[in-house]
Structures are given as structure tokens and as C-alpha cells.
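As a plain string of letters, each chain reads:
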Amino acid sequence: MNSHNLKIHSIETFSNEYVGLVRVRTKDGSEGWGQVSPYNADITALLVHRQIAPYALGADALDIEKLVQEIPEREHKFPGSYLRRALAGLDTALWDLRGKLENKSVCELLGGTPRPFKGLRFQYET
């Protein structure tokens, strides 16, 4: 796979107050989806474009650790929770992209073993 084609080509956000999704695309058209923190997700989506994208565009989409480390260092004057919430959207989108490229779940990429989802069970007592 040509590493030149795995440079981050675009970052888009889709959000409202309660949910924010991030789509990252590489030059070859591969894409990954992530999610920012749901608290005031619309505000966080703005930070993705203003404080995350300028450093991520053109970067190697597979060098996730480097981006997650470098961006807060470069944005040292604004180290707050909104920056971290926005960075989570990029981080999860890049892991999704990598999983698709390697045909593995993110769980497998991180060394785990995927298991079938058995659903959730809630029990309320008074």
C-alpha cells in the first residue's frame, strides 16, 4: 500500500448539540468514522476544524500515536477538555480506518479478542 495515499486528505464533522461524528478520508478514498464526546458535541466539532485539522491534514493516517501526542503539544495554550474531546473524534476515526485497511476489528488491533455482543440487561428495583 502506497503510504503517500494514506495521508489524511479530509476531515468532516456531522453534529448537533448531543452527538458529533467525524469522518476522516485519505487520498486513496479510504475512510474511518469516529465520535467526539457527546457533551456539547456541536462546540467540540468546531474545535476539530480549528485545532485538530490544521495539524492532521496531510499527516500519515496510520501514525495515530504521533498525532494524538503532537496535537496537544502544539495546542499547549488551549489544553482543556474540549481539545481532548475533539481529539477523541480523530483518534477513533483513525482506528476505524486502520481496522478497515487491515480487515480487523479495533479490538483485535489493540490486542483483544472480539466476542459476540449479547445485548444489555437492565434491572430496576424500588
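Data block above holds the structure.
Every chain begins its residue count from 1, and numbering advances along the sequence as written. Residues qualify for local features only when their pLDDT is at least 70, as the model is predicted, and side-chain atom pairs are given and counted only at 80 or more; totals for whole chains, interfaces and linings, by contrast, use all residues. Note: side-chain values were computed over all heavy atoms of the structure, leaving out hydrogens and water.

Enquirer: Describe the nonpolar core, with residues and values.
Expert: A general tendency of soluble globular proteins is for nonpolar side chains to be buried together. Membership of the largest hydrophobic core comes to 26 residues, with the highest contact counts inside it found for Ile8, Ile11, Val24, Leu90 and Leu94. At the level of secondary structure, the elements contributing two or more residues to this core comprise β1 (8–15), β2 (20–26), α1 (41–56), α2 (64–74) and α3 (81–102). Per-element accounting of this core gives the leading share, nine residues, to α3. What makes two residues a contact is simply this: any of their non-hydrogen atoms within 4.5 Å. Contact partners of isoleucine 8, with chain neighbours within four places excluded, come to Val24, Arg25, Ala56, Leu57, Gly58, Ala59, Ala61, Leu67, Leu90 and Leu94. By nonpolar core is meant a set of buried Ala, Val, Leu, Ile, Met, Phe, Trp, Tyr and Cys residues that side-chain atoms within 4.5 Å join together. Accessible area is worked out with a 1.4 Å probe on protein chains only. A residue is then buried under 20% of its type maximum, exposed over 50%, and partly exposed in between. Helix and strand definitions here come from DSSP, where helices need a minimum of 4 consecutive H or I residues and strands a minimum of 2 consecutive E residues; each element is numbered from the N-terminal end.

Enquirer: Give a description of the packing of aromatic side chains that names residues and reports values.
Expert: Centres within 6.5 Å make a pair out of two Phe, Tyr or Trp rings, where for Trp the six-membered ring is used; the pair is then stacked when the planes are under 30 degrees apart, edge-to-face when over 60, and tilted otherwise. Within the structure shown, the criterion is met by one aromatic pair. The ring of tyrosine 82 has arginine 85 lying over it, and the distance from NZ or CZ to the ring centre is 4.7 Å. By definition here, charges over rings are those cases where NZ of Lys or CZ of Arg is within 6 Å of the ring centre and within 35 degrees of the ring normal.

Enquirer: Lay out the side chain of glutamine 51 in plain terms, naming residues and giving numbers.
Expert: Residue placement: glutamine 51 occurs in helix α1. Excluding residues within four positions of it along the chain, glutamine 51 makes contact with Ile71, Glu75, Phe78 and Leu83.

Enquirer: Explain the environment of valine 24 residue by residue, including any values.
Expert: With respect to the helices and strands, valine 24 occurs in strand β2. The class of valine 24 is buried, set by a relative accessible area of 0%. Between the C-alpha atom of valine 24 and that of aspartate 42, which follows or precedes it by 18 residues, the distance is 17 Å. Once residues lying within four places of it in the same chain are set aside, the contact partners of valine 24 are Ile8, Ser10, Ile11, Ser30, Glu31, Gly32, Leu90, Ala93 and Leu94.

Enquirer: Report on the pattern of salt bridges, specifying residues and quantitative values.
Expert: Salt bridges are defined by distance alone: a side-chain nitrogen of Lys or Arg within 4 Å of a carboxyl oxygen of Asp or Glu. In this structure the tally under the stated criterion is seven salt bridges. Linking arginine 74 and glutamate 70 is a salt bridge whose minimum nitrogen-to-oxygen distance equals 3.7 Å. Residue arginine 74 and its partner glutamate 70 are both found in helix α2; the two are separated by four residues, about one turn of the helix. Owing to a relative accessible area of 26%, glutamate 70 belongs among the partly exposed residues under this scheme. Among the salt bridges present, the one from aspartate 96 reaches lysine 100, with a minimum N-O distance of 3.1 Å. One end of the pair, aspartate 96, and the other, lysine 100, are both in helix α3, four residues apart, so they sit about a helical turn from each other. Salt bridges sharing partners connect three or more residues here, namely Glu12, Arg23, Arg25 and Glu31.

Enquirer: Describe unusual backbone geometry, listing the residues and the values that go with them.
Expert: The bulk of non-glycine residues show a negative phi, and the bulk of peptide bonds are trans. Its identity as a non-glycine residue notwithstanding, asparagine 40 has a phi of 50 degrees, on the positive side. Relative to the elements of secondary structure, asparagine 40 occurs in the loop between β3 (31–35) and α1. A positive phi is found at asparagine 103, a non-glycine position, where the angle reads about 55 degrees. Considering the arrangement of structural elements, one finds asparagine 103 in the loop between α3 and α4 (106–109).

Enquirer: Describe the environment of arginine 84, naming the residues involved and giving the relevant values.
Expert: In this structure, arginine 84 sits in helix α3. In this structure arginine 84 comes out as partly exposed when scored by relative accessible area, which is 48%. Put simply, arginine 84 and valine 36 are 48 residues apart on the chain and 8.9 Å apart in space, counted from C-alpha to C-alpha.

By themselves, these are just geometric observations and shouldn't be taken as functional.
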